[in-house]
Each structure stands twice: as structure tokens, then as C-alpha cells.
Amino acid sequence: MNVDYFLGIDCSTQSLTAVLINLSKNEIILRYSINFDEELPHYNTQNGVFSSNDGKVVHSSPLMWVEALELLFKALVQRDLPLNEIKAISGSGQQHGTVYLNNSFEPTLKNLDSEKSLVNQLQSVFTRETSPIWMDSSTTKQCEEIRLKLGGLEPTIYITGSNTFERFSGPQIRKFYEQNYDDYIQTSTIHLVSSFLSSILLGKSSPIDHGDGAGMNLMNIRTNQWDDKALNATAPNLRQKLPALTNSYDVVGKISPFFVERFGFSPETILVAWSGDNPNSLIGVGLTEKGKAAISLGTSDTYFSFMKNLSFDMLGEGHVFRAPTGDFMSLICFKNGSLAREAIKDKFNLNWDEFGEILRKTPPGNFGKIMLPYFLPEIVPLVLEPTVYRFGFDENDMQGNVRGIIEAQFLSMRLHSEWIQEQTEEIYATGGASANKEILQVASNIFNTKIYQFEITNSAALGAALRSAKSYYDSINERINWTELVNRFLKIQDNYIIQPNNKYKKLYDDLLEVYRKCEKFILKNGEDPEQFRKDFVKKYFGN
Ligand code: ADP
Ligand code: XUL
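About the thresholds
Residues numbered from 1 in each chain as written. Chains lettered and ligands numbered in written order. Predicted model: local features only at pLDDT ≥ 70, side-chain atom pairs only at ≥ 80, totals over all residues. Heavy atoms only, no water. Salt bridge = Lys/Arg side-chain N within 4 Å of Asp/Glu carboxyl O. Helix = DSSP H or I, 4+ residues; strand = E, 2+ residues; numbered from the N terminus. Buried < 20%, exposed > 50% of the residue type's maximum accessible area, 1.4 Å probe, protein only. Pairing = 2+ DSSP bridges. 1 Å grid on protein atoms, 1.4 Å probe; cavity = no way out; pocket = protein on both sides within 12 Å on 5 of 7 lines; lining within 4 Å. Points joined across faces, edges and corners; volume = space filled by probe spheres on them. Nonpolar A, V, L, I, M, F, W, Y, C, P; charged D, E, K, R; others polar. Domains from an automatic or database assignment. Near = heavy atom within 4 Å. Polar contact = N/O pair within 3.5 Å; in protein donor to acceptor, adjacent residues only side chain to side chain. Areas by Shrake-Rupley, 256 points an atom, 1.4 Å probe, with all protein chains shown as cover. Sits in = over half its atoms within 2 Å of the grid points. Contact = heavy atoms within 4.5 Å. Buried area = accessible area lost by both parts, 1.4 Å probe. Core = buried A, V, L, I, M, F, W, Y, C linked by side-chain atoms within 4.5 Å. Phe/Tyr/Trp six-rings, centres within 6.5 Å; stacked < 30°, edge-to-face > 60°. Lys NZ or Arg CZ within 6 Å of the ring centre and 35° of its normal.

Structural notes on the pattern of salt bridges
Point 1. Taken as a whole, this structure holds 29 salt bridges when the rule is applied.
Point 2. Across the pair Glu357 and Arg360 runs a salt bridge whose closest N-O atoms are separated by 2.3 Å. You can see Glu357 and its partner Arg360 sitting in helix α16 (residues 352–361), three residues apart, about one turn around the helix.
Point 3. One salt bridge in this structure joins Asp474 and Lys470, with 3.3 Å as the shortest N-O distance. In this pair, Asp474 and Lys470 both sit in helix α19 (residues 459–475), four residues apart, roughly one turn of the helix. Just as Asp474 is buried, Lys470 falls in that class too.
Point 4. A network of salt bridges, in which partner residues are shared, links Lys141, Glu145, Arg174 and Glu178.

Structure follows, in C-alpha cells:
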């Protein structure tokens, strides 16, 4: 059999991407992306979102995601791709974002008319026109209230796998309930980005999978059920508004007739539960066993790893989610990822090649110039008022800033992932910025670990395609092993392996301590790090 097609779709912060694979040939047939700002300019998003002036309220448009989905399928049809041969589809959504729907959502999905566009038919199903997304940090009050009702930090972490976080769905739902009570009452169903788009393909409300469900502060991480205490701490009658929970690997149904008639899919196409972009990327970069970690350098930077046994970050900065395999994964999320790197690149009118060239030419340790890169409010460590701090240089020093931001991002990542006990021997890189070898070289030196770069930087969509294939074959009792499956698609050539330069190990161990002191000084009233920093400069740069 030569044709064995599976489709993965990823609705990320800035774009919607499809990855089509042919499993029988271990081949990626197509990667195709719709950039929201460029191809759907009438929504007026900037980098895919709408932000308030202080950067705390960040929303996006669920209708825009729907229109993008339609555009994507149109583009696939125009490319003469055999959509009717696709056996299964799954997807990925930016995590935590919530979509608020009224009671016309289900009947509208059931009665979609294939002569009309999706976007026209779904205009009036929302009780909230915009969706708060993962970049939103406006719910500190609600986080405190929920944490208190759950008995404090420790119980909150033990129940939900995470501290309460501003971007998590529970605190966001509570804010909506507190500030828009009537609209909350009118809301029949609250979906995540992933389960919302899954519902559209399914033609009825889809369940939320355990991977993305774990990012809500509402699901019990041990039982995989909605947690009554967490629901009650969040908003009244919430259970009735939430879809059911399901395993990430469950088949949720077959594709709705609308897509069969309008785009030519086979009515037999099965749909596998969608999940969050990070759980999908776990599969898309091949983390199906312990001892490996990944960094995703997209709009957000994340650091995540596969976890066999449940363990928590009791400092409350990291998360535990369910992995698509049914195991666990750890995750730490940094908001100042690509957009912070872009802020420096654009300030000095550089392109990415020039940016990389500066990284190549400047010395590790940056002459002791240290940046705390809070261009936007930061998630880890928590910074609600964005300010960029510089030690030993100023904002006009191009070289200092280029190396400064990259070293800061990976020092912070190393510092805040210390709680993950499983030793990491290899790091797999994905996301838009993982195309940049010079950035990965800095990361490799800072972690003193080998980094693997992939040709395809959208591992979330690839992960979704692979998940759909695995569940399809499981459903017909031809079981494929996860590791065998991912290895068929993730062969890494030697020139995509970035080796750490051992010469800089001690320097970065020392710089980490300087960085730790700078962060403590700014955020926790710690001691002034200046003498310590000067000692570092003297030791490595001699003045
Ligand atoms: P998301 O999935 O969060 O929407 P992506 O993973 O697609 O984001 O990454 C998009 C980002 O990748 C852009 O904002 C851009 O800054 C960054 N990017 C793209 N190419 C490069 C490069 N060569 N070097 C560094 N960053 C890059
Ligand atoms: C993870 C997080 C982001 C989003 C968008 O917790 O908030 O990584 O999933 O990529």
C-alpha cells in the first residue's frame, strides 16, 4: 500500500499550519501555513493577537481561526491533494485559550450548509467575540482567589498539576464570570482552542483531551476528571458548561458531512482528539521516553520533557500535563520568546542572518553584560510590569543586546528548569527560531548538552499527524509502538546536531550564578549583584 495519508493541523498564536504525511513512505507530503496577520488582515491582529496598552489583556478571534481553517482546506484542494484518501485527522491548539459559545453552537454545527462558508454560518454562536489566550496576564486577582479556595499553593499543585496561572483557563473563566455575569450565564459551552476546532470538524461539541485539559487548573491531574473543588472555586455551574474529558489518543468520531461535501474528504475520515501545541510537540519531536527534553522556540519559548512518574514543581513555576501517550510531561513556559528576540532584531534593523552573525562573533559570557528580558509581562519568573533590565551596558549597544537577550533566555530556562530531576542528555529543538543554528549553539553551550535541530520546525502539526496515525491503526487493531512510529519520521542527520563547546562549561556555570543574583536583586529584593558580576568580568575578560 503506497497511500497512507494522515493530516495534522496546528492553530498556533500567529498561524494555522497543516502537515500531511504518507505513513507508508515515512514521508511528509506537505507543510502549509496561513499567517493570520498577513492573510486575514481584516481581523486587525498583530502577531495573531489583540493586546491592551499595558500588555496584560491579550485576546484573539475564534472566528478568525475558523476562517483560517476554511482557507487552509481551500488551499489543499487547489493543490490537488487527495483529501479523500486521508484516513485520520488530529490537531493542535495554542494552550489555555478559551472559546465561549451559546446554545446555538451545537445545532449550527449539526446543520451546516456546504453551499455557504463556515465563517458566515458561525457568526452568532459566540457569547464572547474574542478569546483570552495564553499571553493574557490580567487575572492575578482570580488566581489568588482560586488558590486560596483550594487551600494554598501545595494543594493547588497536587490537585491540578500547576499553581494557578494568569493564562490558565480556570482563572480566565472566573474573570469572565465576575466581570460579564450575564454573558457567562448565556454561555452554554466553554471550549479550549483545541476542542473548539475539533468540534467544527466533528459537527458537534468535541471532548477536551487530558493533555490540554491539564492546562486549565480545573482537571485533577491524577484522576483525569474535572475536579469538583477546582470547579467550585472557579465559577458556578461550570461543570454543565464544560465538555467531557477524553484520552488524547481517543477517536472522537468521523468528519462532519460539511467537509465531505465542501472539500471532498472521505466520510470515513476518523477524527482523533485534538490536544495542546506542547503535548503535540512532545510527539512531533519524538519524546516518547524519559531522558530527553525539548525546547520550543515559537511565539512562546517552552522547555518540556517526557515524564514517566508524576512529580511536581513545588516552587509553582512549572507545570505537569498529561502526555499524548497517557504518561506525563513537564513544561515551563516563557512569554518573552520570539517577540522579545524580534524586538532586538528590529531595533537594530537586522535580519536573522545578521543577528546570527553577531552571535557567532561575540564571546560567550558577553563581557559580563546581563539582560533581564521582560519586554512583555513574563510568566516565569512572574513579572507583571514589563521592563528590560541591563547590567553593564545600555540599550544602544547592538552586540551586547543581541548576545544579551539570547544568553538571558537560555540562562533563565536553565535556572527555572532546575526542579526537573530527570537528567537530560539530549535536547530537541523546534519552533520558528529553531531554524537559527547560532541561537541553538548558545543554548547548547549554556545547557552543556547536545541539541538536535529538525528540518521541520512545526512539530506540533507533525505531532498531530503522527497521533492521528497511531490512533487510526490502534482502532483497527494494528498497534504501532510510539517510539517506532516517531523514529520513522525523525531521522536526524549529523549536520543537524549541535555540540556544546566544553570550553565554556565553567563560564556558563558561573554566569548562571550571576544571572540568578541579578534576577533575585530585581524581583525579590536580593543583594546587589554588581560586585559579583564585576568579579565574573575580571575572571573571564580580565578588566
Ligand atoms: P507560533 O507557533 O507560536 O505561532 P512559530 O513557531 O511559527 O510560532 O515561530 C514564529 C517565530 O519564529 C517568529 O515570530 C519569528 O520571530 C521566529 N523566527 C522565524 N525564523 C527565524 C530565524 N531564522 N531566527 C530566529 N527566529 C526566527
Ligand atoms: C504553554 C503556553 C504556550 C502556548 C502557546 O503553557 O502557554 O506555549 O501553548 O504556544
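Once the structure has been displayed, the description carries forward.
Brief notes about the sheet that holds strand β23 (residues 497–498)
Point 1. Pairing in this open sheet of seven strands is mixed, and the strands run β17-β18-β16-β15-β21-β22-β23 from one edge to the other. In the strand order of this sheet, the two ends are held by β17 (319–322) and β23, each with one partner.
Point 2. In the sheet, β17 pairs with strand β18 (residues 328–334) via four bridges, with the strands oriented antiparallel. Looking at the pairing, Val320 lines up with Ser330 of β18.

Things to note about the pairing of strand β1 (residues 5–11)
Point 1. Most of β1 is tucked away: seven of the seven residues are buried.
Point 2. Judged by which residues are buried, β1 turns out to be covered on both faces: Tyr5, Leu7, Ile9 and Cys11 on one side and Phe6, Gly8 and Asp10 on the other are all buried.
Point 3. The sheet contact formed by β1 and strand β6 (residues 86–93) spans seven bridges and is parallel. Pairing of Asp10 across the sheet is with Ser92, part of β6.
Point 4. Two elements, β1 and strand β2 (residues 15–22), share seven bridges in a ladder whose sense is antiparallel.

Some words on the layout of surface pockets
Point 1. Space inside the largest pocket adds up to approximately 780 Å³.
Point 2. Lining the largest pocket are 42 residues, and of these Leu297, Gly298, Thr299, Gly431 and Gly432 lie nearest its centre.
Point 3. Elements that contribute at least two residues to the lining of the largest pocket include exactly β2, β3 (27–35), α14 (277–284), β15 (292–297), β18, α15 (338–347) and α19.
Point 4. For the lining of the largest pocket, the residue count by class is twelve nonpolar, 24 polar and six charged.
Point 5. Two domains each provide a minimum of three residues to the lining of the largest pocket, namely domain 1 (5–279) and domain 2 (338–419 + 504–541).
Point 6. One number sums up the size of the second largest pocket: a volume of about 600 Å³.

Side note on the site of ligand 2
Point 1. In the vicinity of ligand 2, the residues found are Gln95, His96, Trp134, Arg167, Asp277, Asn278, Ser300, Thr302, Leu331 and Cys333.
Point 2. At 2.8 Å, a side-chain N or O of Arg167 approaches an oxygen atom of ligand 2.
Point 3. Here an oxygen atom of ligand 2 sits 3.0 Å away from a polar atom, N or O, in the side chain of Asn278.
Point 4. Compared with its free state, where it exposes 290 Å², ligand 2 has 97% of that area covered by protein.
Point 5. Because more than half of its atoms lie within 2 Å of the grid, ligand 2 is assigned to the largest pocket.
Point 6. For the shell around ligand 2, the elements supplying multiple residues, two or more each, are α14 and β18.
Point 7. Grouping the constituent residues of the shell around ligand 2 by class yields three nonpolar, five polar and two charged.

Examining the site of ligand 1
Point 1. Looking at ligand 1, there are 13 residues lining it, with Ser12, Thr299, Glu342, Gly432 and Asn436 nearest.
Point 2. Between ligand 1 and the protein, one listed contact pairs an oxygen atom with a side-chain N or O atom of Thr299 at 2.6 Å.
Point 3. A distance of 2.9 Å separates an oxygen atom of ligand 1 from a polar atom in the backbone of Gly432.
Point 4. For ligand 1, whose free accessible area comes to 580 Å², the fraction covered by protein is 77%.
Point 5. Here ligand 1 is seated within the largest pocket.
Point 6. Across the shell around ligand 1, the residue classes tally to three nonpolar, nine polar and one charged.
Point 7. Taken domain by domain, the shell around ligand 1 gets at least three of its residues from each of domain 1 (5–279) and domain 2 (338–419 + 504–541).

Here we look at the domain arrangement of the protein chain
Point 1. Under the domain assignment used here, the protein chain contains domain 1 (5–279) and domain 2 (338–419 + 504–541).
Point 2. Each of domain 1 and domain 2 has a C-alpha centre, and these two points are 35 Å apart.
Point 3. The partner domain 2 presents eight residues to the twelve residues of domain 1 that form the contact.
Point 4. Overall, the association of domain 1 and domain 2 removes approximately 740 Å² of surface from exposure, summing both partners, and the carbon and sulfur fraction of that is 67%.
Point 5. Considering only the side of domain 1, the residues that lose the most area to domain 2 are Asn47, Lys56 and Met135, jointly responsible for 36% of the buried surface there.
Point 6. At the junction of domain 1 with domain 2, the criterion picks out one salt bridge.

Details of the nonpolar core
Point 1. Within the largest apolar cluster, 170 residues are counted, with the highest numbers of intra-cluster contacts made by Ile9, Trp65, Phe73, Phe196, Phe259, Ile295 and Phe410.
Point 2. Per-element accounting of this core gives the leading share, ten residues, to helix α2 (residues 62–78).
Point 3. In terms of domain composition, this core takes at least three residues from each of domain 1 (5–279) and domain 2 (338–419 + 504–541).
Point 4. When near neighbours in sequence (up to four residues on either side) are disregarded, Phe196 contacts Pro62, Trp65, Val66, Val99, Leu101, Phe105, Phe126 and His191.
Point 5. Of all hydrophobic cores here, the second largest spans five residues; its members include Ile146, Leu150, Ala230 and Ala233.

Some details on the packing of aromatic side chains
Point 1. If you walk through the whole model with that rule in mind, you get 24 aromatic pairs.
Point 2. Ring centres of Phe168 and Phe321 lie 6.5 Å apart, and the angle between their planes is 40°; on these two criteria the pair is classed as tilted. Linking Phe168 in the loop between α6 (153–160) and α7 (169–179) with Phe321 in strand β17, this pair joins segments that are 153 residues apart in sequence. Residues Phe168 and Phe321 agree in their burial class; the two are buried.
Point 3. By way of ring pairs, the aromatic residues Phe73, Phe258, Phe259, Phe263 and Phe265 are connected into one cluster.
Point 4. Geometry around Tyr100 places Arg128 over its ring, the cationic atom sitting 4.8 Å from the centre.
Point 5. Just above the ring of Tyr496 sits the side chain of Lys437; from NZ or CZ to the centre is 4.9 Å.

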